[in-house]
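What the coordinates show
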Amino acid sequence: MQETLIQIEPKPPRGDWRDPHVEFRKGSMCYSAAPKNLTYLGLPNPRVWQPTDSDWKLPPDWKKTILAGMKERLDKFRSFRLFMDVCVRCGACADKCHFYLGTADPKNMPVARAELIRSVYRRYFTLSGRIFGSLAGGRELTEDVIKEWYYYFYQCTQCRRCSVFCPYGIDTAEITLLGRELLTLIGCNINWVMEPVANCYRTGNHLGIQPHGFKDSIDFAADEASEITGLKIEMPINRKGAEILFVMPSADYFATPHYYTLLGYMMLFHEIGLDYTVSAYASEGGNFGSFASHELMKRLNAKIYDEAKRLGVKWILGGECGHMWRVLHQYMDTMNGPADFLEVPVSPVTGTVFENARSTRMVHICEFTADLIHHGKLRLDRGRNDHWNVTYHDSCNPARGMGLLEEPRYILNHVARRFHEMPENTIREQTFCCGSGAGLGTDENLEIRLRGGFPRANAVKYVKEKYGVNLLTCICAIDKATLPTLLEYWVPGVEVGGVHELVGNALVMTGEKERTTDLRGEALATESVLASGESEARHA
Amino acid sequence: MSADRAIVERWVERVLQSYPAQTLPFLRGEQDPFRNPVGHTLRESLTILAGELMGKMDRQRIAQALDAIIRMRAVQDFGPSDAVRFVFDLRTAIREWGGAVPDSLESRIDELALLAFDHYMGCREQIFALRINELRLKARYAASEEGETP
């Protein structure tokens, strides 16, 4: 006899994908931007509203604004028109998105997400769409479509994994950025992007920490680094005439586990006697503007070159940050350059000329440190990291946004004895996103983040079970902020740390006192975990 | 195909049907566990659960397999009843295959459903605890740095 007690239809409605209706549910959406933040940035339609409201209080001419905004961008960005026209819907990208893999929602296939905007493009900007409408794949622009855009463009972390597989090189991150840019024109933003942007614009960093607070944090960390090593370690702030300006994500000086990476930087720079400074004005590498519009991205990014000019440095060194590097690698030079007032970066320790940074004049800390190690300029005791069994998560933007694949691994293999790669199709250019980038890493959106981060966590679980991995290293502040929660849910027992945290642990400094703890204050392993003392590194 | 295998296949298929139609071919067809974590977790966990329900009822293996599947469904677009409903799908799978559900298995399925409910509640409670923890951290950073918003 069939069960009759539970009358639940197991199959969800198989509706037409063109139906734009979406259900906003707490836990799987981001709250709207507070009006004060839009007002501060001079952005349109500041108001109190939430995505769960039926009336989004759109401006009366919202449709005209969106279509005019699309036209302007189609004319301005050749890439946008190309991405709208060239997709043949082959589906190569379809199963590459971590959100699709984690949610199984077909509209999270990158091709389908792009189709949300492409269908409007067809309807209003192509002859066939204007004449044949839905028969030519066009869709009317309605308020429901705006809500659908908001829902799905804020379910994309702009990680660009799909782009790796697109035979035409369509960059879905660009499409998402343009979709968000259009939504910005009518005031449909999320607060976790706009508040940090407003704060960055005002004080230089995303939490709105003022210069005296910045100095307190840096001094506190310097004191701690001094205490650990027995040396007098300092980090100069706003020092004119320094050779190098060092820019890091603000989380490095106010959040954990980022903070341990900051201690690592300080110790490294002290040991090699680097002539450098940090800045209270350019005190944020992360660019939350890049999550909302090209214009906001440019406004925030400009601070780095402005400050380099004001302080009179020769070149810029950048810390373990994600989005900073995509903006830097792909936009900074043409957006706010040329940086002809700077010099081509040369390592003061090894004399290496960083040819790759000839144009932007900005070098990644992993390139810099790997070069130091390659030239034998650092004394490293890998045994000090024996309590860690390490794997490496390629943070999306440094990996796919600028091709930084080898340097972090080179460093890790020189500072730790136990290092294991996750499976091949989850690392390097195929790395899975943390699921919280591009402004989605906020607590109210936790369920979406847990879904999006599932493919990454699944690979971490594999190396934990197979090799006993207990530390996931990465070089992105958002990773460090959000992966601990993700792993606590999916893979308890694996912690998150930075590459330079392990450098700080292993670095044997001139005149230092004997180390009994690591940078976290945890006792070092008393006996080697490896009988032979040899490196244990394998690929999964 | 053995009877057990055939029943598991039907069970997996019924559970897959709870996902959107456009996603089914991928969830069903892609065998790589890292490219298809949802499909892989479902298949692996349901296979273990079926084996234990029809076999030794090893509590630890059941808890692990149940946790893997519930942990996933607790954050996907399912209400509580839909999230744990897959347990009862086993009965339907057996009947579809043409068999009758033995009394001993009936009670085991009921017991599994209760366990599934415990796991589901555990996951949801953990999600709320994780969220509170993130909020607490955020507040602490803001307070310690005297961060102000514009």
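Look above for the structure.
Residues numbered from 1 in each chain as written. Chains lettered and ligands numbered in written order. Predicted model: local features only at pLDDT ≥ 70, side-chain atom pairs only at ≥ 80, totals over all residues. Heavy atoms only, no water.

Bringing the overall build of chain B into the picture now. A count of helices and strands for chain B gives 7 helices and 0 strands. Sequence-ordered secondary structure for chain B, helices as α and strands as β, is α-α-α-α-α-α-α. In summary, chain B has a C-alpha radius of gyration of 19 Å against a globular reference of 15 Å for 150 residues, an excess of more than 25%. In terms of overall dimensions, chain B has C-alpha extents of about 70 × 35 × 25 Å along its principal axes. The buried share of chain B, taken over its 150 residues, is 45%. The contacts of chain B with a sequence gap of at least 6 include a subset with a gap of at least 24, amounting to 65%. Looking at chain B as shown, the accessible area adds up to about 7000 Å², and 55% of this sits on carbon and sulfur atoms. In chain B, 20 positive and 23 negative side-chain charges are present, and the distance between their average locations comes to 2 Å. (Helix = DSSP H or I, 4+ residues; strand = E, 2+ residues; numbered from the N terminus. Rg over C-alpha atoms; globule rule 2.2 N^0.38 Å. Buried < 20%, exposed > 50% of the residue type's maximum accessible area, 1.4 Å probe, protein only. Contact = heavy atoms within 4.5 Å. Areas by Shrake-Rupley, 256 points an atom, 1.4 Å probe, with all protein chains shown as cover. Lys, Arg positive; Asp, Glu negative; His and termini not counted. Charge placed at Lys NZ, Arg CZ, Asp CG, Glu CD.)

This paragraph deals with the interface of chain A and chain B. Often, the extent of an interface is quoted as the loss of accessible area on bringing the components together. Listed per partner, the contact involves 61 residues of chain A and 47 residues of chain B. Interface area, chain A with chain B, both sides summed: about 4900 Å², of which 53% is carbon and sulfur. Here chain A and chain B share 7 salt bridges between them. Linking chain A with chain B are 15 residue pairs in polar contact (both at pLDDT 80 or more). Contributions of two or more residues to the side of chain A that touches chain B are made by α1 (35-41), α4 (98-103), α10 (191-203), α11 (211-229), α18 (446-452), α19 (454-467) and α20 (477-490) of chain A. (Buried area = accessible area lost by both parts, 1.4 Å probe. Salt bridge = Lys/Arg side-chain N within 4 Å of Asp/Glu carboxyl O. Polar contact = N/O pair within 3.5 Å; in protein donor to acceptor, adjacent residues only side chain to side chain.)

One pass over the full model with this rule turns up 27 aromatic pairs over all chains. Note on Tyr253 of chain A and Phe254 of chain A: the rings are 6.3 Å apart at their centroids and 80 degrees apart in plane angle, and the pair reads as edge-to-face. The class of Phe254 of chain A is buried, set by a relative accessible area of 10%. Judged by centre distance (5.4 Å) and plane angle (90 degrees), the rings of Tyr19 of chain B and Phe78 of chain B are edge-to-face. With Tyr19 of chain B in the loop between α1 (3-16) and α2 (24-29) and Phe78 of chain B in the loop between α4 (59-73) and α5 (80-84), this residue pair connects regions lying 59 residues apart in the sequence. Of the residues examined, Tyr19 of chain B reaches a relative accessible area of 2% and is grouped as buried. (Phe/Tyr/Trp six-rings, centres within 6.5 Å; stacked < 30°, edge-to-face > 60°.)

What follows covers unusual backbone geometry. All names here are of chain A. The amide bond that connects Thr256 to the next residue, Pro257, takes the cis arrangement and shows omega of 10 degrees. Residue position: Pro257 is located in the loop between β1 (244-247) and α12 (258-272). Here the bond from Gly337 into Pro338 is cis, since omega is -5 degrees, no more than 30 degrees from zero. The phi dihedral of Lys57 falls on the positive side, at around 50 degrees, and the residue is not glycine. Phi at Arg160 takes a positive value of approximately 75 degrees, unusual for a residue other than glycine. Structurally, Arg160 can be placed in the loop between α7 (143-153) and α8 (161-165).

Moving on: the side chain of Lys303 of chain A. Residues and elements named next belong to chain A. Take Lys303: it is sitting in helix α13 (residues 294-311). Within the buried core, Lys303 has no salt-bridge partner, and the shortest N-O distance to an opposite charge, that of Asp306, equals 8.5 Å. In terms of polar contacts, Lys303 uses its side chain to reach the backbone carbonyl oxygen of Cys200, at 2.7 Å. Beyond its immediate chain neighbours, meaning those up to four positions away, Lys303 contacts Cys200, Tyr201, Thr203, Gly204, Tyr281 and Ala282.

Turning our eyes to something else, we now look at the sheet that holds strand β2 (residues 276-277) of chain A. All names here are of chain A. Pairing in this open sheet of 4 strands is parallel, and the strands run β2-β1-β3-β4 from one edge to the other. Sheet topology places β2 and β4 (362-364) at the edges, where each strand pairs with a single neighbour. For strand β3 (residues 315-318) and β4, the ladder comprises 3 bridges, and the chain directions are parallel. Opposite Gly318, over in β4, you have His364 as the bridge partner. (Pairing = 2+ DSSP bridges.)

Residues and elements named next belong to chain A. Going residue by residue along β3, you find Trp315 and Leu317 tucked away on one face and Ile316 and Gly318 tucked away on the opposite face as well. Sheet topology places β1 next to β3; 4 bridges connect them, and they run parallel. Bridging from a neighbouring strand, Ile244 pairs with Trp315 of β3. Between β3 and its parallel partner β4, the chain crosses via helix α14 (residues 323-336), and the hand of that crossover is right-handed. (Right-handed = clockwise from strand over helix to strand, strands pointing away.)

Turning our eyes to something else, we now look at the nonpolar core. Within the largest apolar cluster, 140 residues are counted, with the highest numbers of intra-cluster contacts made by Leu141, Ile146, Trp149 and Trp490 of chain A together with Phe86 of chain B. Top contributing element to this core by residue count: helix α7 (residues 103-144) of chain B, with 9 residues. Mapped onto the domain boundaries, this core takes at least three residues apiece from domain 1 (35-189) and domain 2 (198-539) of chain A. Residues Ile228, Leu372, Trp388 and Leu471 of chain A belong to the second largest nonpolar core, which totals 81 residues. (Core = buried A, V, L, I, M, F, W, Y, C linked by side-chain atoms within 4.5 Å. Domains from an automatic or database assignment.)

A few words on the pattern of salt bridges. A side chain with one charge may pair with a side chain of the opposite charge, provided their charged atoms come close. This structure, assessed with the given rule, holds 51 salt bridges over all chains. Taken together, the shared-partner salt bridges connect Arg25, Glu447 and Arg451 of chain A together with Asp77 and Arg124 of chain B into one network.

By secondary structure assignment, the location of Val508 of chain A is in the loop between α21 (499-506) and β9 (536-539). Excluding its chain neighbours within four sequence positions, the residues that come into contact with Val508 of chain A are Glu271, Arg379, Leu380, Asp381 and Arg384 of chain A.

Just distances and angles here, no functional claims.
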